[in-house]
Amino acid sequence: MKKNTLILGIESSCDETAASVVKNGNEIISSVVASQIESHKRFGGVVPEIASRHHVEQITLVIEEALKKAKVTMDDLDGIAVTEGPGLVGALLIGVNAAKTLAFMHDLPLIGVHHIAGHIYANRFETEMKFPLLSLVVSGGHTELVLMRAENEFEIIGETRDDAAGEAYDKVARTLGLVYPGGVQIDKLAKDGEDTFHFPRAMMDDGSFDFSFSGLKSSFINTLHNLRQRGDEPNPNDMAASFQASVVDVLVAKTIRAAKKYQVNQLLLAGGVAANQGLRAQLIQEVEMELPDTELIIPPLSLCGDNAAMIAAAGTVSFLQGKLSDFEMNADPGLLLEDI
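Only a predicted model underlies this, so the values are computations on that prediction, with no experimental measurement involved.

S.K.: Tell me what's going on with the pattern of salt bridges, and back it up with residues and numbers.
M.R.: Enumeration according to the criterion identifies 15 salt bridges in this entry. Its salt-bridge partner being Arg201, residue Asp195 comes within 3.0 Å of it at the nearest N-O pair. Lys254 is paired through a salt bridge with Asp206; the nearest N and O atoms lie 2.9 Å apart. Pair noted here: Lys254 is in helix α8 (residues 236-262) and Asp206 is in the loop between α6 (182-190) and α7 (214-229), with a separation of 48 residues, a long-range link. Owing to a relative accessible area of 0%, Lys254 belongs among the buried residues under this scheme. When its relative accessible area of 39% is taken as the criterion, Asp206 is described as partly exposed. Taken together, the shared-partner salt bridges connect Asp163, Lys171 and Lys217 into one network.

So, in structure tokens, the structure goes:
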């Protein structure tokens, strides 16, 4: 790898405005994230128009702060990487247009990055990636098993057919009256509960690597409503633990099975739900038992949520491969991982 390649990363796909300077694709020089959680909490989820307005307010500030913290100027950079998609189109447009403007003004290469590729490459800050590898991507909008045989080569071998795991967490949390983001609250409650409700493990043994969480969500909501209609208020810790056990059992079982089939060297966890303590603990335990020769990589909590360092890391790989974008690049909310 070229020594001291400096890439500025920009991320604005949802409700985090972020900028980061990364050296050589694996060293974070600075990382700035402006969160919008407090603004969206009262609505129980992300409101696209509000998210876009916050990005407009924050984008210049976070970029300036990232450069300042890294003690570099635009002239020191080798390129600018930005989330091209998927995400909220209005939110994506803010980051994409900021990146295009800066790249044009300073005559720098422009690198469009797939948001999920960024989550996967967040693991690059932990260790070198060794192919073939399998990544379990679990976030608010994505639940996928991604096989990589080489740098920047992605094959989705399993994905959700309906709700992503993170979506199911948030919907279930709202039913329990928990504040957004719901996944964090469910995880906390689950630590003190037991799997007393034994919710269904959808598609656990169907032979595919696909997922489905819509039925689990409906089963949870129906169970809760039925109990309340009878005048019973169930233990929220047990409800949370039962829901989480169902999600984690399916995620881990299918991931282990896929890792065995494809004989991967590494197993990576990625995405916002990678911060879930129940998922992390069970995956560690099962890999030790079932895949003793496979290296499990789990990013630190600071790199599980949306951030720009992961975009810069993925962008560095594309930059060194000569995979650059032109100024016709636009926000693409439906960008496919396998098409990059």
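Text resumes after the structure shown.
S.K.: Got a sec to walk through the pairing of strand β5 (residues 110-114)? Specific residues and values, please.
M.R.: Across the five residues that make up β5, a large majority, four, are buried. With five bridges joining them, strand β4 (residues 79-85) and β5 adopt parallel strand pairing. Paired with Ile80 across the bridge in β5 is Leu110.

S.K.: Any details on the sheet that holds β5? Residues and values, ideally.
M.R.: Across a sheet, strands are paired by hydrogen bonds formed along the backbone, either parallel or antiparallel in direction. Here five strands make up an open sheet; going across it, the order is β3-β2-β1-β4-β5 and the pairing mixed. Edge positions in the sheet fall to β3 (27-35) and β5, since each has one partner strand and no second. Adjacent strand axes in the sheet meet at a mean angle of 20 degrees when their direction is disregarded. Across eight bridges, the pairing between strand β2 (residues 16-23) and β3 is antiparallel.

S.K.: So what's going on with the UniProt feature "binding site: Fe cation" (unreviewed entry) in the protein chain? Residues and values would help.
M.R.: Per the UniProt record, the feature "binding site: Fe cation" (unreviewed entry) sits at His115, His119 and Asp306. Considering the C-alpha atoms alone, the annotated residues occupy 192 residues of sequence yet fold into one spot, their largest mutual distance being 8.7 Å. Cross-referencing the annotated residues with the lining of the largest pocket gives His115, His119 and Asp306. Structurally, the position occupied by His115 is in helix α4 (residues 115-121). Residue classification places His115 among the buried positions, given a relative accessible area of 6%. Those residues in contact with His115 that lie beyond four places of it in its chain are Glu11, Ser13, Thr83, Gly85, Pro86, Asp306 and Met310. Along the polypeptide, His119 turns up in helix α4.

S.K.: Which residues make up the sheet that holds strand β7 (residues 143-148), and what values do they have?
M.R.: Sheet architecture is open: five strands sit in the order β8-β7-β6-β9-β10, paired in mixed fashion. For this open sheet the edge positions go to β8 (155-159) and β10 (295-297), each flanked by a neighbour on one side alone. Going from strand to strand, the sheet's axes swing by 20 degrees on average, the running direction of each strand aside. Looking at chain direction, β7 and β8 are connected through four bridges and run antiparallel. By the bridge assignment, Leu145 is partnered in β8 with Gly158.

S.K.: Tell me about the layout of surface pockets, and please be specific about residues and values.
M.R.: Empty space within the largest pocket amounts to approximately 1400 Å³. Of all the secondary-structure elements, those providing two or more residues to the lining of the largest pocket are α1 (37-41), α4, α5 (165-175) and α6. It is α5 that contributes the most residues to the lining of the largest pocket, six residues altogether. Residue composition of the lining of the largest pocket, by class: 17 nonpolar, 19 polar and eleven charged. Taken together, 14 residues make up the lining of the second largest pocket; nearest its centre are Glu84, Gly112, Ser318, Lys323 and Ile340. Where the lining of the second largest pocket is concerned, the elements lending two or more residues are β5 and α10 (309-321). The element best represented in the lining of the second largest pocket is β5, accounting for three residues. Taken together, the residues of the lining of the second largest pocket sort by class into six nonpolar, five polar and three charged.

S.K.: Describe in detail the UniProt feature "domain: Gcp-like" (unreviewed entry) in the protein chain, supporting the description with residues and values.
M.R.: Summarizing the sequence annotation, UniProt attributes the feature "domain: Gcp-like" (unreviewed entry) to residues 27-312 in the numbering used throughout. Counting secondary structure, residues 27-312 comes out at 47% helix and 16% strand; the distance between its end C-alpha atoms is 10 Å.

S.K.: Report on helix α9 (residues 277-290), specifying residues and quantitative values.
M.R.: Along its 14 residues, α9 runs 20 Å from first to last C-alpha, staying within 8% of the 20 Å computed at 1.5 Å per residue. Along α9, the residues that are buried comprise Leu279, Arg280, Leu283 and Val287. One side of α9 holds all its buried residues, which, seen down the axis, span an arc of 95 degrees. Among the exposed residues of α9, those pointing more than 90 degrees away from its buried face are Glu288 and Met289. Summarising the contacts, the buried residues of α9 are in contact with β6 (133-138), α8, β9 (266-270) and β10. Structurally, the start of α9 carries an N-cap: the backbone nitrogen of Gly278 is 3.0 Å from a side-chain oxygen of Asn276.

What counts, and at which threshold
- Residues numbered from 1 in each chain as written.
- Predicted model: local features only at pLDDT ≥ 70, side-chain atom pairs only at ≥ 80, totals over all residues.
- Heavy atoms only, no water.
- Salt bridge = Lys/Arg side-chain N within 4 Å of Asp/Glu carboxyl O.
- Helix = DSSP H or I, 4+ residues; strand = E, 2+ residues; numbered from the N terminus.
- Buried < 20%, exposed > 50% of the residue type's maximum accessible area, 1.4 Å probe, protein only.
- Pairing = 2+ DSSP bridges.
- Axes fitted to C-alpha atoms, helices over the stretch in contact; angles between N-to-C directions.
- UniProt positions renumbered as here; feature names shortened; annotations may be inferred.
- 1 Å grid on protein atoms, 1.4 Å probe; cavity = no way out; pocket = protein on both sides within 12 Å on 5 of 7 lines; lining within 4 Å.
- Contact = heavy atoms within 4.5 Å.
- Points joined across faces, edges and corners; volume = space filled by probe spheres on them.
- Nonpolar A, V, L, I, M, F, W, Y, C, P; charged D, E, K, R; others polar.
- Expected span 1.5 Å × (residues − 1).
- Arc of directions from axis to C-beta.
- Polar contact = N/O pair within 3.5 Å; in protein donor to acceptor, adjacent residues only side chain to side chain.

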